[in-house]
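What follows is the residue order along each chain.
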Amino acid sequence: MNVQKTTINALRILSAEAIQKANSGHPGLPLGCAPIAYALFQNFLKANPKNTKWDNRDRFVLSAGHGSALYYSLLHLYGYDVTKEDLMNFRQLGSKTPGHPEVGHTAGVETTTGPLGQGIANAVGMAMAEAHLAAKYNKPGFDVVDHYTYAICGDGCLQEGISYEACSFAGTHGLGKLILLYDDNDITIEGDTDVTFKENIGARFAAQNWQVQHVDLVASPDDIDALNAAIANAKANTQKPSIIICHTRIGYGSPLEGSEKSHGAPLGEANLEKTKQKFGWNYAPFECPQEVYDHCAKAAQAVADAEAAWDKMMADYQAAYPELAAAYKSAMAGEKPDFDEIDGLYEFEKAMATRQASSKVLNTLAAKIPSLMGGSADLGPSNLTEMKDTENTKYGYFAADNFAGRNVHFGIREHAMAAIANGLQLHGGIQAYCATFFVFSDYCKPSMRLSALMNLPVVYIMTHDSIGVGEDGATHQPVEQLIMLRSIPGMKVFRPADGKETAAAWVSALSGNEPTTLVLSRQTLPQCENSSKEALKGGYVLEDCDGTPDVLLIGTGSEIDLCVKAKAALAERGVKARVVSMPCIEEFEKQPEAYKASVLPTDVKARVCVEAGSSYSWYRYLGDCGTTVCMDCFGASAPGNKLFPYFGFTVENVVEKALASMEKAK
């Protein structure tokens with residue numbers, strides 16, 4: 001038996017069988033790409049199936065997540081917690097083998113992929129984290145952080161714009177321990193890529209400062225020697241990221257070889273049987289010879305030995321550099337300080353934009369959280385997201401000649417920025433944040449959604465939050481973005497009213513296991529007299545009245561001051577109003593029902609929700625008598641202080657709406 005060839009064929013057939021049994025899936029990639037995956041897992045990937053959380057493991061990303069059946073077959077053969085029965089339950093409810101890979105769901109899966117190109121950007125973030133942590137913690141003789149990031153992608157991944165953004169970033173920053181294996185089979189769902197994708201990929205990547213190699217798996221479909229040589233060459237060049245363009249045939253070995261018909265549907269029983277005959281596969285469904293398992297186990301044992309050697313080195317490292325070792329372990333564990341013990345975190349002496357308050361909080365926290373790392377999509381001076389050097393601490397900027405830098409110039413790459421931040425967070429040892437104008441959250445949204453799907457506590461800083469942007473006009477004035485992000489399950493959206501609420505938003509963001517968006521103002525806002533850490537609850541009574549209120553004024557952000565002034569105006573009319581600050585609906589909804597009822601009494605029917613964004617967020621709180629002062633149209637180009645009254649954000653309008661709601665509630 002040629003155990004190498006048999007193992008490759010096992011990957012092909014197990015994948016095709018899983019897809020056939022599920023009557024759903026993508027057999028084309030596993031059949032053509034199996035040699036690439038085999039060469040990587042058997043000869044290079046430093047990952048221990050018995051300890052999938054080993055710090056110094058290589059990271060592997062299947063960016064072409066539709067090829068998940070191949071991934072699960074790999075995990076099964078190489079000793080991860082994926083059984084034959086799991087393969088047989090591919091794409092079934094509750095199985096460990098969902099249609100696309102999901103981190104935290106299947107042992108050995110490093111990130112959730114499927115939306116094409118996302119995995120490439122995640123891999124860039126992982127490689128970036130490795131480079132940063134190595135620069136920070138390694139010492140001569142102690143390569144504590146020393147591993148590679150590998151990704152497999154397809155034609156579809158490289159057609160997506162996010163891949164260009166991310167790969168341009170990787171080349172610019174010289175991420176030499178990033179290796180991309182491109183399954184170049186010239187086929188997408190609609191047919192040959194000539195109809196949409198004729199560019200010279202090698203030239204494109206060379207222009208982006210990548211090392212480029214080619215391996216011909218069409219003339220020699222199982223040429224493991226050529227793959228081994230290419231991966232070894234890629235590992236040797238640590239000055240540039242590497243792409244290995246592997247020319248393959250989709251659906252190799254099946255009657256549908258070379259056809260788009262093999263991409264996204266089972267082969268069919270007859271074609272599966274012919275494929276088995278082609279490969280001389282005479283085993284029962286989901287069975288393969290013990291020699292294959294034994295062969296794969298040798299690779300796993302080699303990694304286990306490498307991990308044992310790393311553990312011994314770590315013990316020596318801890319003895320030689322105890323403080324550095326403790327800091328490393330704390331970072332990898334994701335430990336955070338006691339926020340209540342940080343002096344001055346909630347202290348703000350003057351009126352300021354919440355983006356300025358955020359900058360103050362960020363720089364206070366940066367000194368306490370060494371793992372904090374991030375930056376902006378070329379808007380740092382506007383987002384105010386730089387961690388500023390002090391006499392005692394130099395943060396610097398992450399760059400090819402300074403991997404230790406904690407600030408990041410992401411460039412004008414909003415989509416990739418968010419996905420790279422996911423990769424940083426997934427790697428471990430980094431608390432990631434990123435920033436842009438709030439209106440450009442549209443460009444970030446697919447990656448923000450995946451942050452929520454993966455429960456990644458990435459912090460998104462979105463400034464210039466409303467028509468307060470002013471003269472830039474409607475294109476730059478967010479309206480519907482608040483409801484868009486609030487609709488993502490697991491995403492916290494904070495729109496603070498002042499400094500204390502901004503500090504609370506940061507504390508909440510860094511204390512949880514979900515992503516948080518901080519929506520911050522460009523314009524100056526007053527410090528509210530009664531704002532407090534109660535903002536951590538998402539909603540609280542900011543200003544109250546004697547007895548039961550006649551009307552509730554519920555607002556967020558810059559409109560809280562408007563609510564406070566409207567309360568005073570209503571009092572002059574003998575109307576008792578309560579001002580409720582609701583900086584984070586998601587956190588408020590987590591509170592006990594009794595608390596929520598104490599803030600928003602059910603017997604107070606008159607309500608006005610005030611926010612310079614879409615009214616759709618507020619219908620759950622309006623009841624049948626409430627109303628809104630919101631933005632249900634696009635903005636306009638004019639100074640911000642002219643736009644607010646133009647669109648109805650005045651004391652008089654809030655008072656009028658409050659009185660009308662009270663009348664309706666009678």
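Within each chain, residues carry numbers counting from 1 in the order of the written sequence. Totals for whole chains, interfaces and linings use every residue, but because this is a predicted model, local features are given only for residues with pLDDT of at least 70 and side-chain atom pairs only at 80 or more, for both listing and counting. Hydrogens are left out, water is left out, and the side-chain values use all remaining heavy atoms of the structure.

Engineer: Explain the overall build of the protein to me, please; I cannot follow it from the model alone.
Structural biologist: Strands here mean DSSP runs of E at least two residues long; helices mean DSSP runs of H or I at least four residues long; both are numbered from the N terminus. When helices and strands are counted, the protein shows 24 helices and 18 strands. Radius of gyration: C-alpha atoms only; globule rule: 2.2 Å multiplied by the number of residues to the exponent 0.38. Whereas a compact globule of 666 residues would reach a radius of gyration of roughly 26 Å, the protein reaches 28 Å, a difference of no more than 12%. Along the longest, intermediate and shortest principal axes, the C-alpha atoms of the protein span 90 × 60 × 45 Å. The classification of residues rests on relative accessible area computed with a 1.4 Å probe and restricted to protein chains. Under 20% of the type maximum is buried, over 50% is exposed, and intermediate values are partly exposed. Here the protein holds 666 residues, and 61% of them are scored as buried. A contact between two residues is defined here by any heavy atoms of the two lying within 4.5 Å. When contacts within the protein are restricted to residue pairs at least 6 apart in sequence, long-range pairs at least 24 apart make up 77% of them. Surface exposure here means Shrake-Rupley accessible area, sampled with a 1.4 Å probe, where a residue is shielded only by the protein chains that are shown. Total accessible area computed for the protein in this model is approximately 25000 Å², and 49% of it derives from carbon and sulfur atoms. Put simply, the protein has 58 plus and 78 minus side-chain charges, and the middle of one group is 2 Å from the middle of the other. Two residue types count as positive, namely Lys and Arg, and two as negative, namely Asp and Glu; His and chain ends fall outside the count. Each charge is placed at NZ for Lys, CZ for Arg, CG for Asp and CD for Glu.

Engineer: Sorry, what's going on with the packing of helix H2 (residues 28-43) against helix H9 (residues 224-236) here?
Structural biologist: Relative orientation and spacing of two packed helices are given, respectively, by the angle between their axes and the distance between those axes. H9 packs onto H2 with a crossing angle of 60° between their chain directions and a minimal axis gap of 10 Å. In this view, H2 runs oblique relative to H9, as classed from their interaxial angle. The handedness of the crossing between H2 and H9 comes out as right-handed. Taking contact as the criterion, the partners of Pro35, Ile36, Tyr38, Ala39, Leu40 and Asn43 in H2 are, on H9, Ile224, Leu227, Asn228 and Ile231. Residues were grouped as follows: Ala, Val, Leu, Ile, Met, Phe, Trp, Tyr, Cys and Pro as nonpolar; Asp, Glu, Lys and Arg as charged; and all remaining residues, including Gly, as polar. When grouped by side-chain class, the residues that make up the contact of H2 with H9 number eight nonpolar, two polar and no charged. Note on method: axes are straight lines fitted to C-alpha atoms, helices fitted across the in-contact stretch only, with angles between N-to-C directions ranging 0 to 180 degrees. When describing relative orientation, an angle under 35 degrees is termed roughly parallel and one over 145 degrees roughly antiparallel, while 65 to 115 degrees is termed roughly perpendicular and anything else oblique. Crossing handedness is read from the near helix: turned anticlockwise from the far helix by less than a right angle, it gives a left-handed crossing, and turned clockwise, a right-handed one.

Engineer: Looking at this model, I keep getting lost on helix H18 (residues 499-511). Mind explaining?
Structural biologist: For an α-helix, 3.6 residues make a turn, and residues three or four places apart therefore share a direction. When the terminal C-alpha atoms of H18 are compared, their 18 Å separation across 13 residues agrees well with the 18 Å that a helix rising 1.5 Å per residue should span. What H18 keeps buried is the set Gly499, Glu501, Thr502, Ala503, Ala504, Ala505, Trp506, Val507, Ser508, Ala509 and Leu510. As used in this structure description, the phrase polar contact means that two N or O atoms lie within 3.5 Å; if the pair is within protein, one of them must be able to donate a hydrogen and the other to accept it, and residues adjacent in sequence are counted only when both atoms belong to side chains. Where H18 begins, the capping side chain belongs to Asp498, and its oxygen is found 3.3 Å from the backbone nitrogen of Lys500. To estimate how far a helix should reach, multiply one less than its number of residues by 1.5 Å.

Engineer: Could you clarify how one ought to interpret the environment of Ser358 in this entry?
Structural biologist: With respect to the secondary-structure elements, Ser358 resides in helix H13 (residues 354-366). When the C-alpha positions of Ser358 and Lys567 are compared, they lie 28 Å apart, and in sequence the two are 209 residues distant. Every residue in contact with Ser358, bar those within four places of it in the chain, is listed here: Ile461, Thr502, Trp506 and Leu520.

Engineer: Got a minute to help me understand the pairing of strand E17 (residues 607-610) in this structure?
Structural biologist: Looking down a regular strand, the side chains alternate between one sheet face and the other. Of the two faces of E17, both are covered, the one formed by Arg607 and Cys609 as well as the one formed by Val608 and Val610. Pairing between strand E15 (residues 551-555) and E17: four bridges, direction parallel. Bridged to Gly555 within E17 is Val610. Paired strands, as defined in this entry, are two strands with at least two bridges between them according to DSSP.

Engineer: Looking at this structure, I do not really get the pattern of salt bridges. What am I missing?
Structural biologist: A pair is scored as a salt bridge if a Lys or Arg side-chain nitrogen falls within 4 Å of a carboxyl oxygen belonging to Asp or Glu. By the definition in use, this model includes 26 salt bridges. Across the salt bridge formed by Glu589 and Arg620, the nearest N and O atoms sit 3.7 Å from each other. You can see Glu589 sitting in helix H20 (residues 585-590) and its partner Arg620 sitting in helix H22 (residues 619-622), a full 31 residues away along the chain. Relative accessible area serves as the criterion here: at 30%, Glu589 is assigned to the partly exposed category. One network of salt bridges, with partners in common, ties together Lys492, Glu514, Glu587 and Lys590.

Engineer: Whenever I open this one, the sheet that holds strand E8 (residues 372-376) confuses me. Can you help?
Structural biologist: Taken together, the six strands give an open sheet; going across it, the order is E9-E8-E10-E11-E13-E12, and neighbouring strands pair in parallel fashion. In this open sheet, the two strands that pair with only one neighbour each are strand E9 (407-409) and strand E12 (492-494). Adjacent strand axes in the sheet meet at a mean angle of 20° when their direction is disregarded. When E8 meets strand E10 (residues 431-437), the two strands line up parallel, connected through five bridges. If you follow Gly375 over to E10, its bridge partner there is Cys434. The strands touched by helix H16 (residues 441-453) within the sheet are E10, strand E11 (459-463) and strand E13 (516-519), with E11 carrying the most contacts at an inclination of about 160°.

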